[in-house]
Amino acid sequence: MTLPDSELPRTEDEWRVRLSPAEFRVLREHGTEPAWTGEYVDTKTPGMYRCRACGAELYPSDTKFDSHCGWPSFDDAIPGAIREIEDNSLGMRRTEIRCARCDSHLGHVFRGEGFTPKDTRHCVNSLSIRLDPSNP
């Protein structure tokens, strides 16, 4: 499921060939899918959420919670799987989250909202992740 390092695209043109236009817009051009449209907004299936671009493990399903924000939300990532970058676009200060392995855009992280005991919400585009369901 995870691409070997030797198969990771090295240019944006190579990523464009590997990803659908919608995936490319979100993952490589830092886009956002419209709220409430992603396939994982309401998913409760156990498993592992992986980066859709490179297959790296990002979020165990037991870290997913209902934030009612319109995008899948997680209160924790696998240590070292996510890279945070200050994002001052759109006239506000936010923290962008990217896959630490392939540098693809996932969404943004918010803290101090009180949704979970960890007080963290990784707001992730469904187009940035793929669920690898657990075997029953």
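Report on the accompanying structure. (Residues numbered from 1 in each chain as written. Predicted model: local features only at pLDDT ≥ 70, side-chain atom pairs only at ≥ 80, totals over all residues. Heavy atoms only, no water.)

## As for the sheet that holds strand 7 (residues 105–111)
Read across the open sheet, the six strands follow the order 3-4-8-7-6-5; overall the sheet is antiparallel. At either margin of the open sheet sits one strand with a lone partner, and together these are strand 3 (64–65) and strand 5 (82–87). The pairing of strand 7 with strand 8 (residues 120–124) spans five bridges and is antiparallel. In the strand pairing of strand 8, His 108 is matched with Cys 123. (Pairing = 2+ DSSP bridges. Helix = DSSP H or I, 4+ residues; strand = E, 2+ residues; numbered from the N terminus.)

## Brief notes about the packing of aromatic side chains
Across all of its chains, the model carries four aromatic pairs by this definition. An angle of 85° between the planes, with centres 5.4 Å apart, marks the rings of Tyr 40 and Tyr 49 as edge-to-face. By the burial criterion, Tyr 40 is buried, and Tyr 49 matches it. Here Tyr 59 and Phe 74 contribute two aromatic rings whose centre-to-centre distance is 4.2 Å and whose plane-to-plane angle is 15°, an arrangement assigned as stacked. Of this pair, Tyr 59 sits in strand 2 (residues 57–60) while Phe 74 is found in strand 4 (residues 73–74), placing the two residues 15 residues apart along the sequence. Of the two residues examined, Tyr 59 and Phe 74, each falls in the buried class. These aromatic residues form a ring-pair network of at least three members: Tyr 40, Tyr 49, Tyr 59 and Phe 74. (Phe/Tyr/Trp six-rings, centres within 6.5 Å; stacked < 30°, edge-to-face > 60°. Buried < 20%, exposed > 50% of the residue type's maximum accessible area, 1.4 Å probe, protein only.)

## Some words on the pattern of salt bridges
The tally for this structure, following the rule as stated, stands at 15 salt bridges. Across the pair Glu 12 and Arg 28 runs a salt bridge, and its minimum N-O distance is 2.8 Å. A residue pair is termed long-range when its members are at least 10 positions apart, and Glu 12 in helix 1 (residues 12–18) and Arg 28 in the loop between helix 2 (21–27) and strand 1 (47–51) qualify at 16 residues. Residue Glu 12 is classed as partly exposed on the basis of its relative accessible area, which comes to 34%. Taking the relative accessible area as the measure of exposure, Arg 28 reaches 15% and is therefore buried. (Salt bridge = Lys/Arg side-chain N within 4 Å of Asp/Glu carboxyl O.)

## Considering the nonpolar core
Soluble globular proteins tend to pack their nonpolar side chains together in the buried interior. With 26 residues, the main nonpolar core has Leu 58, Tyr 59, Ile 82 and Cys 102 as its most contacted residues. For this core, the elements supplying multiple residues, two or more each, are helix 2, strand 1, strand 2, strand 6 (94–99), strand 7 and strand 9 (129–133). With sequence-adjacent residues up to four places away left out, Tyr 59 is seen in contact with Gly 47, Met 48, Tyr 49, Phe 74, Asp 76, Ala 77, Ile 82, Ile 97, His 122 and Val 124. (Core = buried A, V, L, I, M, F, W, Y, C linked by side-chain atoms within 4.5 Å. Contact = heavy atoms within 4.5 Å.)

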